[in-house]
Amino acid sequence: MELSKNYLPNEVEARWYQHWLNKDYFSSRPDGREPYTVVIPPPNVTGVLHMGHCLNNSIQDILVRRARMQGKNACWVPGTDHASIATEAKVVAMLRERGIVKSSLSRDEFLAYAWEWKEKYGGIILQQLKKMGCSLDWNRTSFTMDPDYYKAVISIFIRLHQEGIIYRGLRMVNWDPAGKTALSDEEVIFKEVDSKLYYISYPLTDNSGSITVATTRPETILGDVAICVNPTDERYRNLVGKQVTVPLINRKIPVIADEYVDAGFGTGALKITPAHDKNDNELGRKHNLKALNTLDAEGKFTAEDLQEDHPSDLVLSYQGLDRFVLRKKIVEDIAAIDQVQKIEDYKGQVGTSERTGAVIESRLSLQWFIDMKKLIGQNPEIVTSVMNDTIQFHPSKLKNTYSYWMENIKDWCISRQLWWGQQIPAYYAPDGSFVVAASKEEALEQFSKQGNGTTITLADIRQDEDCLDTWFSSWLWPMEVFKGISNPGNADYQYYYPTTTLVTGQDIIFFWVARMIMAGYAFKGQQPFTDVYFTGMVRDKQGRKMSKQLGNSPDLLGLIDTYGADATRFGIMIASPAGNDILFDESALEQGRNFNNKLWNALKLIKMWEGRQSSVVSSELENQAHHSPLTTHHFAVNWFGHRLNEVKAEVNGLMNQFRLSEALKTIYSLIWDDFCSWYLEWIKPGFEQPIDKGVYDTTIGYFEELMQLLHPFMPFITEEIYHLLKEQADDLCVKQETALQPFNSSVLESGELLKKVISALRDARNKNQLKPKDPIKLFIQTGADAGYRAIENILLKQVNAESIAYTDGTIANSIVVAVEKDKFFIETERQLDAGNLKAELLKDLEHQQKFLESVIKKLGNERFVQNAKPEVVELEKKKQSDAEARIRTIQESLENLS
């Protein structure tokens, strides 16, 4: 078939992905092989593919494809997360478009709409992963609200409640007024904002003066129950025990003392509002102060707790005002009675909801919590497994982040005021008492056993309206995708769990990674995975986080349509060192597309030789070229075989260390430089000349091995080229790796020398304006003739020399080139420009002298010599001797010219 001018990815990618699916290559079943298990970090059902997904899933696919080609039973489990907050928001928006408000629906009616939305949109992101070439076992697709998964989550809640680890309590929580739900600490994102500091005076009730308080939140003043000062603050020592009047509400509140107060902030006097600040709440409990709530679930003013104060009409007029509108109104009204002293600009931190972006309120609320210290105390491996590398973090520096969080962990609020999710299995009797059970019937049984003298029926029992935090379901993911909780001991779970590698972002180390480790040890007594590869964040060229608001997040599917999936994967992987943020630049995808075309052109070049093979197989190539002796005619074949083996070993080591980006760069250099730029040039037959059949067959074999090495990174083009090279009995996707072979360092050194000599001689021709077709004679002055005799034929062809000879002395009227300790004399029929030649030599001499100076300086540094590896020091010494030899050669050449 005739090959297209450039590689056309779109048709190729769709065809091969369908072929792999038809062949069932991605499916995995337990057998006698070593399992390699990866579970996808389940994307939200609301999600569409973005650059972070591209990076994360490219890495997973590379690891999984490599494992498959190593003969392991690779199992990569796909699935999605029900994402309570995000999905419920989408469903509410859908209902709004239909003219329906959530409050008009029953829970079951709302959930019916939620499932409708999920079935329509929930699988989009998984389908998009196919366009990337992800080799997931689609038969195992899981969802965190599947029936068995739902039951597993409920059973874990019941178990932890029975163990006294889950409890219900009135606590200060992070409240999202937009989502109208509590959030865990990890779901709060702190942002720096431009704010105001309001200085407000509180008159003393004995008319002896006033205390001025600096606050950023005047909207909560009506809930103030005390003014607190530091007991060591001389300014207020005589005021402790007195009372002040709260502006607008005229409530009398005490002045108290506590060392918590920072005397240097603001005025040193702090208003205490226990219902609206976590720290104030702690002080309130310590000093037995009442909590007065003045904001409702939507962040609007409510006077419900203020009835004892007999609020004025002015205060009652605030009813229903949004907190930020209320802030402005209260400041105006306090200013009207001359109690606003001044207002200053202030930069401060505010907590915002990770999902809705709303500013968080601290709110007293009856919620469900996990006692995290108790959970960790009962399972110390949760901490030790990471610190002793039973579970290995890549990069390892994140162990310290993990340890710090564990040491400072707080109880996890797991209840959410939402309907989409696992409903909390707590059931309430009419008197407010409750039990935790798997069903209403079991709850009734428990109430009956309690025997409190009253008869309760099923109709009397009410289930808790709240649902569980989404992370409470996803912490079971590695276990429950194999039914490890809902059907413990099943064959899949026994074979695939613990999983092998987790690939995820650093931003969810606490949300998800830490909690999966907790769940693994708490519920199964073992680690959930062996290695965790943390990706960095994908940022734009300016280092900004990608977001819709900034408009700097490219359309990933659009990029795949433009460049192809392979080029897109290449572009994101070539710039992604483990754990570091990636500055995304579309030019990296262009580099990937260029690489595709380089491969394609190499294929076209080799296919042109297919019909020009000589009929006799060279006896020198009958044995595998990897191991054939160094020969003159076929040095190139032998050298590349050893170079290929060297790179295979290097790539294997890098992959084992999760240095994927470096591995790709190494393969890229091997193909672009060594194979295309050198090897193919060295073996290319002359015009209308045949190519040795042995050389051709071996070259096809090398190309196949290169495609196998590159396949995990760029699966589509490698599979296509593999099949276009020759008729194949298998597919590259499942072709098994062969064992690593040894390589001969002396052959590789000869190859490097040949490349250096060719480059230096071409450079010399160019500088002296000798055209490539101008004939030259080459004389070599060396102490090791044998090293060059093996590469003479290639050298002749590559520098277009008529002849090569060896000499002990200098050659008059020639161009002198120094490579390491050897000299090369280029003799030409053309008259040389002595002035130009001298200028070039002087320029080269200056460069070599500066280089030598830097090497001598490094070797003169005692710290470097003592601390560097011996081989590194030896390399520097070799650089010194080579530079000295080159300088001598240049100086001799200059003497010959004068």
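Residues numbered from 1 in each chain as written. Predicted model: local features only at pLDDT ≥ 70, side-chain atom pairs only at ≥ 80, totals over all residues. Heavy atoms only, no water.

*Asks:* Please provide a residue-by-residue account of the pairing of strand β11 (residues 252–257), values included.
*Replies:* Bridge analysis of strand β9 (residues 226–229) against β11 gives three bridges, and the strand direction is parallel. The residue bridging Cys228 from the neighbouring strand is Ile256, located in β11. Sheet topology note: the strand β10 (residues 243–245)/β11 ladder contains three bridges and is antiparallel. Looking across to β11, one finds that Val244 is bridged to Ile253. Hairpin remark: β10 followed by β11, antiparallel, with six residues in the connecting loop; positive phi at Leu248, about 75 degrees. (Pairing = 2+ DSSP bridges. Helix = DSSP H or I, 4+ residues; strand = E, 2+ residues; numbered from the N terminus.)

*Asks:* Please give an account of helix α13 (residues 440–450) that cites residues and values.
*Replies:* Those residues of α13 that fall on the buried side of the exposure criterion are Ala443, Leu444 and Phe447. The buried residues of α13 occupy an angular sector of 100 degrees when projected down its axis, which confines them to one face. Among the exposed residues of α13, those oriented more than 90 degrees off its buried face are Ser448 and Lys449. Against the buried residues of α13 lie β18 (426–428) and β19 (434–436). Directly after α13, the chain includes Gly451, whose backbone phi takes a positive value near 50 degrees. (Buried < 20%, exposed > 50% of the residue type's maximum accessible area, 1.4 Å probe, protein only. Arc of directions from axis to C-beta. Contact = heavy atoms within 4.5 Å.)

*Asks:* Now, about the sheet that holds strand β22 (residues 501–505): what can you tell me, with residues and values included?
*Replies:* Spatial ordering of the open sheet is given by β15-β23-β22, a layout of three strands whose pairing is parallel. The open sheet has two edge strands, β15 (392–394) and β22, and neither has a second partner. Between one strand axis and the next, the sheet turns by 20 degrees as a mean value, whatever way the strands run. As judged from the five bridges shared by β22 and strand β23 (residues 531–535), these two strands associate in the parallel manner. Paired with Leu502 across the two strands is Val532, which belongs to β23. Across the sheet, helix α2 (residues 51–69) lies against β22 and β23, angled at about 165 degrees from β22, the strand it touches most. (Axes fitted to C-alpha atoms, helices over the stretch in contact; angles between N-to-C directions.)

*Asks:* Could you give an account of unusual backbone geometry, with specific residues and numbers?
*Replies:* Residue Pro395 follows His394 across a cis peptide bond; omega there is 5 degrees. The topology assignment puts Pro395 in the loop between β15 and α12 (398–407). Of note, the bond from Tyr497 into Pro498 is cis; its omega dihedral lies within 30 degrees of zero at 0 degrees. Along the chain, Pro498 falls in the loop between α16 (491–496) and β22. Even without being glycine, Leu248 reaches a positive phi, approximately 75 degrees. With respect to the element layout, Leu248 can be found in the loop between β10 and β11.

*Asks:* Please set out the side chain of Thr504 residue by residue, giving values where relevant.
*Replies:* With respect to the secondary-structure elements, Thr504 resides in strand β22. On the accessibility criterion, Thr504 (1% relative accessible area) is buried. Those residues in contact with Thr504 that sit more than four places away from it in its chain are Pro41, Asn56, Trp512, Val513, Val532, Tyr533, Phe534 and Thr535.

*Asks:* Tell me about the packing of aromatic side chains, and name the residues and values.
*Replies:* Inspection of every chain in the model, using the stated rule, returns 46 aromatic pairs. Considering the side-chain rings of Trp471 and Phe511, the 5.0 Å spacing of their centres and the 15 degrees angle between planes classify their relative orientation as stacked. Within this pair, whereas Trp471 is found in helix α14 (residues 470–474), its partner Phe511 is found in helix α17 (residues 509–524), the two being separated by 40 residues in sequence. Side by side, Trp471 and Phe511 carry an identical accessibility label, which is buried. Look at Phe472 and Trp475: their rings are 5.3 Å apart centre to centre, the planes differ by 40 degrees, and that puts the pair in the tilted class. Residue class for Phe472 comes out buried when judged on its relative accessible area of 0%. Looking at Trp475, the relative accessible area reads 0%, which means it is buried. Taken together, the ring pairs connect Phe635, Trp639, Phe640, Phe675, Trp678, Tyr679, Trp682, Tyr702 and Phe703 into an aromatic cluster. It is Lys102 that lies over the ring of Phe110; its NZ or CZ is 5.2 Å from the centre. Seen from the ring of Trp419, Lys102 lies directly overhead, with NZ or CZ sitting 4.9 Å from the centre. (Phe/Tyr/Trp six-rings, centres within 6.5 Å; stacked < 30°, edge-to-face > 60°. Lys NZ or Arg CZ within 6 Å of the ring centre and 35° of its normal.)

*Asks:* I'd like a rundown of the sheet that holds strand β14 (residues 361–370), residues and numbers included.
*Replies:* For sheets, the rule is that strands pair by backbone hydrogen bonds, running either parallel or antiparallel. In spatial order, the strands read β6-β5-β14-β16; together these four strands make up an open sheet with antiparallel pairing. Looking along the sheet, the strands with just one partner apiece sit at the ends: β6 (181–183) and β16 (412–413). Both β14 and β16 contribute to a ladder of two bridges, which runs antiparallel. By the bridge assignment, Ile370 is partnered in β16 with Trp412.

*Asks:* How would you summarise the environment of Tyr236 if you had to cite specific residues and measurements?
*Replies:* Take Tyr236: it is sitting in the loop between β9 and β10. The exposure class of Tyr236 is buried, given its relative accessible area of 10%. Taking the C-alpha atoms as reference, Tyr236 lies 14 Å from Lys271; in sequence the two are 35 residues apart. Separated by 2.7 Å, the side chain of Tyr236 and the backbone oxygen of Thr267 make a polar contact. (Polar contact = N/O pair within 3.5 Å; in protein donor to acceptor, adjacent residues only side chain to side chain.)

*Asks:* Lay out the pattern of salt bridges in plain terms, naming residues and giving numbers.
*Replies:* Pairing of side chains with opposite charge becomes possible as their charged atoms draw close. Counted by the stated rule, this structure contains 59 salt bridges. Among the salt bridges present, the one from Lys347 reaches Asp194, with a minimum N-O distance of 2.6 Å. Here Lys347 is found in strand β13 (residues 340–353), whereas its partner Asp194 is found in strand β7 (residues 188–203), with 153 residues between them in sequence. With respect to burial, Lys347 and Asp194 carry one shared label: exposed. (Salt bridge = Lys/Arg side-chain N within 4 Å of Asp/Glu carboxyl O.)

*Asks:* Let's hear about the packing of helix α18 (residues 556–563) against helix α19 (residues 565–573): which residues, and what values?
*Replies:* Put simply, α18 and α19 touch, their axes get as near as 7 Å, and they point 115 degrees apart. Residues Leu556, Leu559, Ile560 and Tyr563 of α18 form the contact with α19, whose own contacting residues are Ala565, Ala567 and Thr568. For the contact of α18 with α19, the class distribution of residues is six nonpolar, one polar and no charged. (Nonpolar A, V, L, I, M, F, W, Y, C, P; charged D, E, K, R; others polar.)

*Asks:* Let's hear about the pairing of β9: which residues, and what values?
*Replies:* If a strand is regular, its side chains alternate between the two faces of the sheet. Here β9 shows no split at all, with Ala226 and Cys228 on one side and Ile227 and Val229 on the other all buried. In the sheet, β9 pairs with strand β12 (residues 269–272) via four bridges, with the strands oriented antiparallel. The residue of β12 that forms the bridge with Ala226 is Ile272.

*Asks:* Describe the packing of α19 against helix α24 (residues 715–725), with residues and values.
*Replies:* α24 packs onto α19 with a crossing angle of 130 degrees between their chain directions and a minimal axis gap of 7 Å. The orientation of α19 with respect to α24, classified from their angle, is oblique. The residues of α24 that touch α19, namely those facing Ala565, Asp566 and Arg569, are Pro715, Phe716 and Ile717. Among the residues forming the contact of α19 with α24, the class breakdown is four nonpolar, no polar and two charged. (Parallel < 35°, antiparallel > 145°, perpendicular 65-115°, else oblique.)

*Asks:* Describe the confidence of the model for the chain, with residues and values.
*Replies:* Residue-level pLDDT values for the chain average 91, and 97% of them are 70 or greater. Residue range residues 619–632 is modelled with pLDDT below 50. Its contacts to residues more than four positions away, or to other chains, number 31 contacts. (pLDDT = per-residue confidence, 0-100.)

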